[in-house]
Amino acid sequence: MAASDKYNMILDALQGLLEANEMKNISVSDIAKAAGIGKGSIYYYFSSKDEMLEALVTRNYEKPIETAKNLAQQTDISPFTRMAMIFQACRNSSSALLNNKTASSGNSVQEEAYVHHKYMSHLVCEMKPVLTEIINQGIDNGEITFDSPSALAEIVLIILTVKLDNTISPGTHEEIEQTLRGLVSLLEKGTGNPQGSLNFLTAL
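Worth saying up front: this structure is predicted, and the values here are computed from it rather than measured.

(A) Structural view of the overall build of the chain. In terms of regular secondary structure, the chain is built from 10 helices and 0 strands. Along the chain direction, N to C, the helices and strands of the chain fall in the order α-α-α-α-α-α-α-α-α-α. When burial is assessed residue by residue, the chain has 42% of its 204 residues classed as buried. At a minimum sequence separation of 6, the contacts of the chain that also span at least 24 residues come to 66%. Accessible surface, the chain: about 10,500 Å² in total, of which carbon and sulfur atoms supply 51%.

(B) Seen up close, the packing of aromatic side chains. Summed over the entire model, instances satisfying the criterion amount to 4 aromatic pairs. Geometrically, the ring pair formed by Tyr 44 and Tyr 45 is edge-to-face, given 4.9 Å between the ring centres and 85° between the ring planes. On the basis of relative accessibility, which here comes to 66%, the residue Tyr 44 falls in the exposed class. On the basis of an interplanar angle of 70° and a centroid distance of 5.7 Å, the ring pair of Tyr 61 and Tyr 119 is categorised as edge-to-face. With a gap of 58 residues between them, Tyr 61 in the loop between α4 (49-60) and α5 (62-72) and Tyr 119 in helix α8 (residues 109-140) connect regions that are remote in the sequence.

(C) Up close: the side chain of His 122. Along the chain, His 122 falls in helix α8. Judged by its relative accessible area of 13%, His 122 is buried. His 122 has contacts with Val 57, Thr 58, Tyr 61 and Ile 65, leaving out every residue within four places of it along the chain.

(D) Representation of the nonpolar core. Within the largest apolar cluster, 54 residues are counted, with the highest numbers of intra-cluster contacts made by Ile 31 and Ile 86. Looking at this core element by element, the count peaks at 9 residues for α8. When residues no more than four places from it in sequence are discounted, the contact partners of Ile 31 are Ile 10, Ala 13, Leu 14, Leu 17, Ile 26, Ile 42, Lys 49 and Met 52.

(E) Representation of the pattern of salt bridges. Under the definition given, this model contains 6 salt bridges. Between Arg 59 and Asp 12 there is a salt bridge, with the nearest N and O atoms lying 2.8 Å from each other. With Arg 59 in helix α4 and Asp 12 in helix α1 (residues 3-18), this pair connects stretches of sequence that are 47 residues apart. For Lys 118, the salt bridge is made with Asp 50, and the minimal N-O distance between the two is 3.3 Å. Placement of the pair is Lys 118 in helix α8 and Asp 50 in helix α4, with a sequence separation of 68 residues. Taking relative accessible area as the criterion, Lys 118 reaches 12% and is therefore assigned buried. Owing to a relative accessible area of 32%, Asp 50 belongs among the partly exposed residues under this scheme. Residues joined by salt bridges that share partners form a network here, namely Asp 50, Glu 54 and Lys 118.

Quick notes on the rules
- Residues numbered from 1 in each chain as written.
- Predicted model: local features only at pLDDT ≥ 70, side-chain atom pairs only at ≥ 80, totals over all residues.
- Heavy atoms only, no water.
- Helix = DSSP H or I, 4+ residues; strand = E, 2+ residues; numbered from the N terminus.
- Buried < 20%, exposed > 50% of the residue type's maximum accessible area, 1.4 Å probe, protein only.
- Contact = heavy atoms within 4.5 Å.
- Areas by Shrake-Rupley, 256 points an atom, 1.4 Å probe, with all protein chains shown as cover.
- Phe/Tyr/Trp six-rings, centres within 6.5 Å; stacked < 30°, edge-to-face > 60°.
- Core = buried A, V, L, I, M, F, W, Y, C linked by side-chain atoms within 4.5 Å.
- Salt bridge = Lys/Arg side-chain N within 4 Å of Asp/Glu carboxyl O.

Everything listed is a geometric property; what it means functionally is a separate question.
See the structure below:
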């Protein structure tokens, strides 16, 4: 069996176990049993359960992050359109771990928040330099006016990940839409875009 096969079997096992168990209640032996491999094999790939969770998060967002990096090079598309495409790719590629019905899984609110925090932290860290590059391109070609592109990228990512994930600061559909409209209004005013020109971002 190829090393990559075992690696993915371990992550598949962890993801499956997380659908019905809290991370603190899952042992390395449980993961090994679910993966159908020896316990010692797991330590060849991972030094801890937390490292396994980090790897699972990275794997589940591999495709949208690759999409984002490719979009950063497509300068013929407007920067805000590329941002919208990136956010949609992230939403569409949300892992089964985030999409499963946690309400019936028995996981505590704290556990769900911990797992979701891992996902959001990874997404913000990986996407920030990509969005910063896209914003800089918009500044260079006159489509965006802003003094701190890195800060703008971080602000947008934090608001979108928190509100679209809807676990850290839960809200109704209407409340989420209101927050997104507020973000769009701030973006338009802060980047010199006409009022209403970025309304398509609320379609996320």
